[in-house]
Amino acid sequence: MTAVAAEETTIVLTTFADAKDAYRSKDLRQSLYDEGEVVMADVLVNLHGEEHRSRRRVENRMFRREVFERYERELFPQVIERTLAPYRAEGRVDLVRLGHELMLNLAALTAGVDRPEGTAEETGRLYAYMMKFVEGATLAHSTKDKAEQRKVIAQALEDWDAEFLAPSIARRRDLLAREAAGEDVEVPSDVLATLLRHAGELELPAEVVRREVAFFLLAGAHTSATAFVRAVDHILGWIEEHPEDAELAATDPLFVQRCVHETVRLNPSSPIGRRRALAPVTLRSGIQIPQGAIVVIDLQSVNRDAEVFGADAAAFDPHRTLPPNVAPFGLSFAAGMHVCIGQDLAAGVVPRSGTDLDDHLFGLVTAVVRRMFAARVRRDPDDPPRRDANTQRPYWGSYPVLFGGEA
């Protein structure tokens, strides 16, 4: 614990038990994105109490298993093949760019952002906007001038709204009106349509709808894209040391899902969780958190807790044996009221003994990682991967790979 003046007290949690307890406390409010309000103000992940319950109750109607099944089994396989085809033909790709391109295609569907032109140029413009939103959400970790960034990001939100969001809203409002009039129309199952359908219940200002959809776009694209790149990196390293598992990466979706879960455990999308105490809180371990204190959940330590994950907790091991009631991805998706709403879509359902593979949800990250190994992905020996120098977060800036052999 590090303590200074009472109003500036910061408490760092490093054990799995304390972190899980903190995530489930109703008196600890989300504060991870306090510096990123240009994008994150009033979005779902930043709400608390009844505001959060009301918004989540509405959006949960979209994040249902049958919707996830349609994405995983019908929509995303087409996205993977269409996106990957030109790179397979070329024999090489940068995984960082590919991951964002793939997951952006999916996140646009999920968030409700239409692309009527369907061109590479249009997708490129949406990608550029999305990366600005990522900069906004992670502003606390930026190495750039933050005041200048806020101005640029605010303008990007305005421009994106005019080009993409406003037409998407108009189309959904028209469909909803026609549906209400009794016409047989298909209203998309996405976040934007859900917010518009329940507009009377939520009463959200236009700028909050804008930020909410932008948040789902960046969260769906960026966090899944970084998990994708990291999973490929970890599996390549694992196969170098365990060549007997090479074929599993191409053919066994449960093995690949375990690799993705282990990757997410070791590399949460944010290295920390952050909460502010609305009232005094005492954790079950006895740690006392005064009102107003900042609680930092050190996920890098929490997810490597040897008491939970074993003596080799810091190592990547897709064959790791876990104690009961511990998720293989640790607390990377948080817990309690703010557990990630898209967890099952991205990472799938945690398999149990006797899981029926024909009925199992493996997650979209698993699907694309498996496809890469079916295409015999390998690092480019002449162009090694490089870290992103523009952020303090452990992101890859580029990760060139080659394809070899037939899928």
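All of these numbers come straight from a predicted model, not from anything done at the bench. (Residues numbered from 1 in each chain as written. Predicted model: local features only at pLDDT ≥ 70, side-chain atom pairs only at ≥ 80, totals over all residues. Heavy atoms only, no water.)

Some remarks on the nonpolar core
- Counting residues in hydrophobic clusters, the biggest one holds 101 residues, and the most contacted among them are Leu95, Phe133, Trp160, Leu217, Phe228 and Val369.
- With near-sequence residues (within four places) excluded, Trp160 lies in contact with Val113, Leu126, Tyr129, Phe133, Leu165, Arg210, Val213, Ala214 and Leu217.
- With 23 residues, the next largest nonpolar core counts Ala22, Ala277, Leu283 and Ile297 among its residues. (Core = buried A, V, L, I, M, F, W, Y, C linked by side-chain atoms within 4.5 Å. Buried < 20%, exposed > 50% of the residue type's maximum accessible area, 1.4 Å probe, protein only. Contact = heavy atoms within 4.5 Å.)

Some words on the packing of helix α4 (residues 65–90) against helix α5 (residues 95–111)
- Following both chains from N to C, one finds α4 and α5 inclined at 145°, their axes separated by 10 Å at the closest point. As for the relative orientation of α4 and α5, their crossing is right-handed in sense. Contacts from Tyr71, Leu75, Phe76, Val79, Ile80, Thr83, Leu84 and Tyr87 in α4 reach Leu98, Glu101, Leu102, Met103, Asn105, Leu106, Leu109 and Thr110 in α5.
- Partitioned by chemical class, the residues of the contact of α4 with α5 number 12 nonpolar, three polar and one charged. (Axes fitted to C-alpha atoms, helices over the stretch in contact; angles between N-to-C directions. Helix = DSSP H or I, 4+ residues; strand = E, 2+ residues; numbered from the N terminus. Left-handed = near helix turned anticlockwise from the far one by under 90°. Nonpolar A, V, L, I, M, F, W, Y, C, P; charged D, E, K, R; others polar.)

Digging into the side chain of Arg172
- Topologically, Arg172 is positioned in helix α7 (residues 146–180).
- With relative accessibility at 2%, the residue Arg172 sits in the buried group.
- Polar side-chain contacts of Arg172 include one of 2.9 Å to the side chain of Asp190.
- Setting aside residues up to four positions removed in sequence, Arg172 forms contacts with Gly112, Val113, Asp114, Pro188, Asp190, Leu192, Ala193 and Leu196. (Polar contact = N/O pair within 3.5 Å; in protein donor to acceptor, adjacent residues only side chain to side chain.)

Things to note about the sheet that holds strand β3 (residues 92–94)
- What the three strands build is an open sheet, ordered β3-β11-β8; its pairing is antiparallel. Bordering the open sheet on either side are β3 and β8 (377–379), each of which pairs with just one other strand. Across the sheet, the axes of successive neighbouring strands diverge by a mean angle of 35°, strand direction being ignored.
- Where β8 and strand β11 (residues 400–403) come together, three bridges link them in antiparallel fashion. The residue of β11 that forms the bridge with Arg379 is Val401.
- Docked against the sheet, α5 engages β3 and β11, running at close to 75° with respect to β3. (Pairing = 2+ DSSP bridges.)

Brief notes about the sheet that holds strand β2 (residues 28–30)
- Taken in spatial order, the four strands line up as β1-β7-β4-β2 in an open sheet, and their pairing is mixed. The open sheet terminates on both sides in strands that have one partner only, identified here as β1 (10–13) and β2. Taking each pair of neighbouring strands and ignoring which way they run, the sheet shows an average axis angle of 30°.
- In this sheet, strand β4 (residues 272–277) lies alongside β2 in antiparallel orientation, the contact comprising three bridges. The partner of Arg29 across the bridge, within β4, is Arg276.

Quick word on the packing of aromatic side chains
- Scanning the entire structure with this criterion turns up nine aromatic pairs.
- With a centroid separation of 6.1 Å and an interplanar angle of 85°, the aromatic rings of Tyr129 and Phe164 are classed as edge-to-face. Of this pair, Tyr129 sits in helix α6 (residues 120–137) while Phe164 sits in helix α7; the two residues are 35 residues apart in sequence, bridging distant segments of the chain. Assigned by exposure class, Tyr129 and Phe164 land together as buried.
- The interplanar angle of 85° and the centroid separation of 4.9 Å between the aromatic rings of Phe329 and Phe333 together place this pair among those described as edge-to-face.
- Given the relative accessible area of 13%, Phe333 is considered buried. (Phe/Tyr/Trp six-rings, centres within 6.5 Å; stacked < 30°, edge-to-face > 60°.)

Things to note about the environment of Arg386
- By the secondary structure assignment, Arg386 is in strand β9 (residues 386–387).
- Given the relative accessible area of 44%, Arg386 is considered partly exposed.
- Along the chain, Arg386 and Gly397 lie 11 residues apart, while their C-alpha atoms are 5.5 Å from each other.
- Filtering out sequence-adjacent residues up to four positions away, Arg386 remains in contact with Trp396, Gly397 and Ser398.
- Of note is the side chain of Arg386, whose polar atom sits 3.3 Å from the backbone oxygen of Pro384.

Some remarks on helix α1 (residues 16–23)
- Among the eight residues of α1, six are classified as buried, and the element is accordingly described as predominantly covered.
- Taken residue by residue, α1 has Phe16, Asp18, Ala19, Asp21, Ala22 and Tyr23 as its buried positions.
- Where α1 is buried, its residues contact β1, β2, β4, β7 (294–298), α13 (299–302) and α14 (306–309).

Observations regarding the pairing of β1
- With burial as the criterion, only one face of β1 is covered, namely that bearing Ile11 and Leu13; the residues Thr10 and Val12 on the opposite face remain uncovered.
- Summarising the sheet, β1 and β7 pair through four bridges and their orientation is parallel. Across the sheet, Ile11 pairs through a bridge with Val295, a residue of β7.

Focus: the environment of Gly220
- Here Gly220 is to be found in helix α10 (residues 206–241).
- Sequence-distant contacts of Gly220, defined by excluding residues within four places in its chain, comprise Met103 and Ala107.

Overview of the packing of α10 against helix α12 (residues 253–266)
- The contact between α10 and α12 brings their axes to 9 Å, and the two run at 110°. Overall, the two elements α10 and α12 adopt an arrangement that is roughly perpendicular. Where α10 crosses over α12, the handedness of that crossing is right-handed. Side by side, α10 and α12 meet where Ala227, Arg230, Ala231, His234, Ile235 and Trp238 of the first sit next to Phe255, Cys259, Val260, Thr263, Val264 and Leu266 of the second. (Parallel < 35°, antiparallel > 145°, perpendicular 65-115°, else oblique.)

A few points about the pattern of salt bridges
- Applying the stated criterion across every chain, the model contains 34 salt bridges.
- A salt bridge links Arg197 to Glu179, with the shortest nitrogen-to-oxygen separation between them at 2.7 Å. Of this pair, Arg197 sits in helix α8 (residues 191–197) while Glu179 sits in helix α7, and the two are 18 residues apart along the sequence.
- When its relative accessible area of 29% is taken as the criterion, Glu179 is described as partly exposed.
- Put simply, Glu240 and Arg379 hold a salt bridge, and the shortest N to O gap is 2.8 Å. Placement of the pair is Glu240 in helix α10 and Arg379 in strand β8, with a sequence separation of 139 residues.
- Given the relative accessible area of 59%, Glu240 is considered exposed.
- Residue classification places Arg379 among the partly exposed residues on the basis of a relative accessible area of 28%. (Salt bridge = Lys/Arg side-chain N within 4 Å of Asp/Glu carboxyl O.)

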